[in-house]
Amino acid sequence: MTDTTTLTLPTADGPMPTYQARPGGTPKGGVIVVQEAFGVNGHIEDVTRRFADAGWHALAPAFFHRQGSPVVAYDDVPAVMPIMGQLSAEGLAADLTAAVDQLGSAGIVPRNVGVVGFCMGGTVAFFAAALQPLGAAVTFYGGGIAQGRFGIPPFDELAPKLQTPWLGLFGDLDRGIPVEEVETLRAATDRLEVETAVVRYADADHGFHCDERPAVFNPQAAADGWARTLQWFDRHAAR
């Protein structure tokens, strides 16, 4: 049976609320779930529980903790922009380290840690894959391929620094992440020693995995992306 609770992780910039879901029995490893721009909402908590149901000790840190850990409605994008504008590469790196350390306190070493992120979180997941050698990383439609975000270099510039097997999942209908940029990223990551893969969904838009957003949710792409994510983690991060 999955056990859930909310933890508070220490960071240099104050406490970071973190939603935790743990499986019954010994976990395969750990997963850090990086939120969308809307905060650690019901959907992100549900995704975190899904990982626990699949055998992983999962954490969803509130990366907006410096801004009071807000949860923003999906239709209130104007409220999101100033919050995201306060993110920094240094702060994100510190928060990722705090999550990795928390899993370490539970006996899960970095080699057995996966990180997955959605939208804004997809960018952070790619960044995490370059910070240190983790078990695996997965990006769902994370922007920043040609132009960096949050102080993080552009993906095509950061790619040579990847230390973690990385999987990228993108929708061809995503106007914010053109297919041409996705293919540029594929070319930049194909030549690395670390294993990478890029998957495109022809009929999927940005946010296709979020089943709480009917306008963009794509059941087929979501199911395939989820299955690939679990396979990627099982292959690269499971102990």
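Cut-offs and rules
Every chain's residues receive numbers from 1 upward, in the order its sequence appears when written. Totals for whole chains, interfaces and linings use every residue, but because this is a predicted model, local features are given only for residues with pLDDT of at least 70 and side-chain atom pairs only at 80 or more, for both listing and counting. Excluded from the side-chain calculation are hydrogens and water; included are all heavy atoms of the structure. Per the convention used, a helix needs a DSSP run of H or I reaching at least four residues, while a strand needs a run of E reaching at least two, with both numbered from the N terminus. Categorising residues by exposure relies on relative accessible area from a 1.4 Å probe, with only protein chains included: less than 20% of the type maximum marks a residue as buried, more than 50% marks it as exposed, and the intermediate range marks it as partly exposed. Centres within 6.5 Å make a pair out of two Phe, Tyr or Trp rings, where for Trp the six-membered ring is used; the pair is then stacked when the planes are under 30 degrees apart, edge-to-face when over 60, and tilted otherwise. Geometrically, a lysine NZ or arginine CZ counts as sitting over a ring once it is within 6 Å of the ring centre and also within 35 degrees of the ring normal. Only one rule defines a salt bridge in this text: a Lys or Arg side-chain nitrogen within 4 Å of an Asp or Glu carboxyl oxygen. Nonpolar cores are built from buried Ala, Val, Leu, Ile, Met, Phe, Trp, Tyr and Cys residues. Side-chain atoms within 4.5 Å join them into one set. Note on contacts: a residue pair qualifies if any of its non-hydrogen atoms lie within 4.5 Å across the two residues. Two strands pair under a simple rule: DSSP has to find at least two bridges between them. Where helices are involved, their axes are fitted lines through C-alpha atoms of the stretch in contact, as for all axes, and angles between N-to-C directions lie from 0 to 180°.

Visitor: Any details on unusual backbone geometry? Residues and values, ideally.
Guide: Most peptide bonds adopt trans geometry, and most residues besides glycine take a negative phi value. Even without glycine at this site, Ser-69 takes up a positive phi of about 55°. With respect to the element layout, Ser-69 can be found in the loop between β4 (57-61) and α2 (77-84). Since its relative accessible area comes to 26%, Ser-69 is described here as partly exposed. Even without glycine at this site, Phe-150 takes up a positive phi of about 60°. Mapped onto the secondary structure, Phe-150 falls in the loop between β6 (136-140) and α5 (155-158).

Visitor: Residues and numbers for the packing of aromatic side chains, please.
Guide: For the structure shown, the criterion picks out 11 aromatic pairs. With a centroid separation of 6.0 Å and an interplanar angle of 80°, the aromatic rings of Phe-140 and Tyr-141 are classed as edge-to-face. Here the two residues Phe-140 and Tyr-141 agree in accessibility, since each one is buried. When the centroid spacing of 6.1 Å and the interplanar angle of 50° are considered together, the rings of Phe-140 and Phe-208 count as tilted. Residue Phe-140 is located in strand β6, and its partner Phe-208 is located in the loop between β8 (196-201) and α7 (219-236); the two are separated by 68 residues in the primary sequence. Pair check on accessibility: Phe-140 and Phe-208 agree, each one buried. Sitting above the plane of the Trp-226 ring, Arg-50 keeps its charged end 5.7 Å from the centroid.

Visitor: Would you mind going over the pattern of salt bridges in detail, with residue names and values included?
Guide: What the rule picks out here adds up to 12 salt bridges. Residue Arg-49 pairs with Asp-46 through a salt bridge whose shortest N-O separation is 3.7 Å. Of this pair, Arg-49 and Asp-46 both sit in helix α1 (residues 42-53), three residues apart, roughly one helical turn. Overall, Asp-46 belongs to the partly exposed group, its relative accessible area being 24%. Across the salt bridge formed by Arg-186 and Glu-183, the nearest N and O atoms sit 2.9 Å from each other. You can see Arg-186 and its partner Glu-183 sitting in helix α6 (residues 179-190), three residues apart, about one turn around the helix.

Visitor: Which residues make up the nonpolar core, and what values go with them?
Guide: In this structure, Val-33, Phe-51, Val-116 and Phe-233 are the most contacted members of the largest nonpolar core, which totals 83 residues. Excluding anything up to four places from it in sequence, Phe-51 contacts Val-31, Val-33, Trp-56, Ala-58, Val-116, Trp-226, Thr-229, Leu-230 and Phe-233.

Visitor: Which residues make up the environment of Ala-125, and what values go with them?
Guide: Assignment of secondary structure puts Ala-125 in helix α4 (residues 120-131). In this structure the C-alpha to C-alpha distance between Ala-125 and Ala-12, which are 113 residues apart in sequence, comes to 21 Å. Contact partners of Ala-125, with chain neighbours within four places excluded, come to Val-115, Val-116, Gly-117, Ala-137, Val-138 and Thr-139.

Visitor: Quick rundown of the pairing of strand β5 (residues 113-118)? Include the residues and the values.
Guide: With respect to burial, β5 is a largely interior element, six of its six residues being buried. Side chains Val-113, Val-115 and Gly-117 of β5 all project onto a buried face; the interleaved residues Gly-114, Val-116 and Phe-118 project onto the opposite face, where all are buried too. With five bridges connecting them, strand β3 (residues 30-34) and β5 associate as parallel partners. Considered in β5, the bridge of Val-34 is made with Gly-117. Two strands pair when backbone bridges link them, and β5 and β6 are joined in this way by five bridges, in the parallel orientation. When the sheet's bridge partners are listed, Val-115 is paired in β6 with Ala-137.

Visitor: I'd like to hear about the sheet that holds β8, residue by residue, with values.
Guide: Taken together, eight strands build an open sheet; the order of strands is β1-β2-β4-β3-β5-β6-β7-β8 and the sheet is mixed. The sheet terminates laterally at β1 (3-9) and β8, the two strands that pair on one side only. Taking each pair of neighbouring strands and ignoring which way they run, the sheet shows an average axis angle of 15°. Along the sheet, α1 contacts β1, β2 (16-22), β3, β4 and β5; its crossing angle with β2, the most-contacted strand, is approximately 40°. Lying on the sheet, α4 is in contact with β3, β5, β6 and β7 (166-171); it crosses β5 at an angle near 150°.

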